[in-house]
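Fold and contact review
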Amino acid sequence: MTTKPRVLFVCVENANRSQMAEAFARLHGGDRVEAHSAGSAPSGRINPKAIHYMAELGYDLSAHASKSLDEIDGAFDAVITMGCGDNCPWVPARVREDWALPDPKHLDGDAYRAVRDDISARVRALLASLQ
């Protein structure tokens, strides 16, 4: 691949799972990947829990913004939905996956961290498959 892969992570609110996935793509992929996230019905803010649990890993998620899919354009090498089913519209991409992940917004600390760490591992595997 001559250009860096473009990856889009989508969930309903773009406040938890997709934001963490975008962050992990930036952490694990560095300048070798272009990572984005968006929501089908964005909440307009990043969940404070997501900010807290990503800060534990040294990533400042407060610099992110909750975005609508309407703000995203262009072609993507991979589009990953976060278990949102019919609430996530179809976005064309070379690779499409649905990661049936629970929405962690109401989970306690250990359960939230488990979802976070699962997302990290999945992002690593995705990026390796796109290289």
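For the structure itself, look to the data block above.
Calculation criteria
- Residues numbered from 1 in each chain as written.
- Predicted model: local features only at pLDDT ≥ 70, side-chain atom pairs only at ≥ 80, totals over all residues.
- Heavy atoms only, no water.
- Helix = DSSP H or I, 4+ residues; strand = E, 2+ residues; numbered from the N terminus.
- Rg over C-alpha atoms; globule rule 2.2 N^0.38 Å.
- Buried < 20%, exposed > 50% of the residue type's maximum accessible area, 1.4 Å probe, protein only.
- Contact = heavy atoms within 4.5 Å.
- Core = buried A, V, L, I, M, F, W, Y, C linked by side-chain atoms within 4.5 Å.
- Polar contact = N/O pair within 3.5 Å; in protein donor to acceptor, adjacent residues only side chain to side chain.
- Salt bridge = Lys/Arg side-chain N within 4 Å of Asp/Glu carboxyl O.

Things to note about the overall build of the chain
- Looking only at helices and strands, one finds 3 helices and 4 strands in the chain.
- The C-alpha radius of gyration of the chain comes to 13 Å, within 12% of the 14 Å expected for a compact globule of 131 residues.
- By its C-alpha atoms, the chain is 40 × 30 × 25 Å across when sized along the principal axes.
- Buried residues in the chain amount to 48% of all 131 residues.
- A separation threshold of at least 6 residues defines the contact pool for the chain, and within that pool the share at least 24 residues apart is 72%.

Focus on the nonpolar core
- Counting residues in hydrophobic clusters, the biggest one holds 28 residues, and the most contacted among them are Phe-9, Leu-61, Met-82, Trp-99, Ile-119, Val-123 and Leu-126.
- Looking at this core, the element that brings in the most residues is helix α3 (residues 109–130), giving 7 residues.
- Here Ile-119 is in contact with Arg-17, Met-20, Ala-21, Phe-24, Trp-99 and Leu-101, once residues within four sequence places are set aside.
- If you look at the next biggest cluster of nonpolar residues, it comprises 8 residues, including Ala-38, Leu-69, Ile-72 and Val-79.

Focus: unusual backbone geometry
- Residue Asn-14 is not a glycine yet carries a positive backbone phi of 50°.
- As for its position among the elements, Asn-14 is in the loop between β1 (6–11) and α1 (17–29).
- Overall, Asn-14 belongs to the buried group, its relative accessible area being 0%.

Structural notes on the side chain of Ser-68
- Secondary-structure assignment places Ser-68 in the loop between α2 (48–55) and β3 (76–81).
- Looking at Ser-68, the relative accessible area reads 14%, which means it is buried.
- At a separation of 3.0 Å, a polar atom in the side chain of Ser-68 contacts the main-chain amide nitrogen of Asp-70.
- If sequence neighbours within four positions are ignored, Ser-68 has contacts with Ala-38, Gly-39 and Pro-42.

Overview of the pattern of salt bridges
- Overall, the coordinates contain 11 salt bridges when judged by the stated rule.
- The salt bridge involving Asp-103 is made with Arg-17; its shortest N-O contact spans 4.0 Å. Within this pair, whereas Asp-103 is found in the loop between β4 (93–98) and α3, its partner Arg-17 is found in helix α1, the two being separated by 86 residues in sequence.
- A salt bridge links Arg-116 to Asp-117; its shortest N-O distance comes to 2.9 Å.

Some details on the environment of Ser-43
- Assignment of secondary structure puts Ser-43 in the loop between β2 (34–39) and α2.
- Under the relative-accessibility criterion, Ser-43 is labelled partly exposed at 38%.
- Between the C-alpha atoms of Ser-43 and His-64, which are 21 residues apart in sequence, the distance is 13 Å.
- Once residues lying within four places of it in the same chain are set aside, the contact partners of Ser-43 are Glu-13, Ala-15 and Ser-66.

Geometric descriptors of this kind do not, in isolation, establish any biological role.
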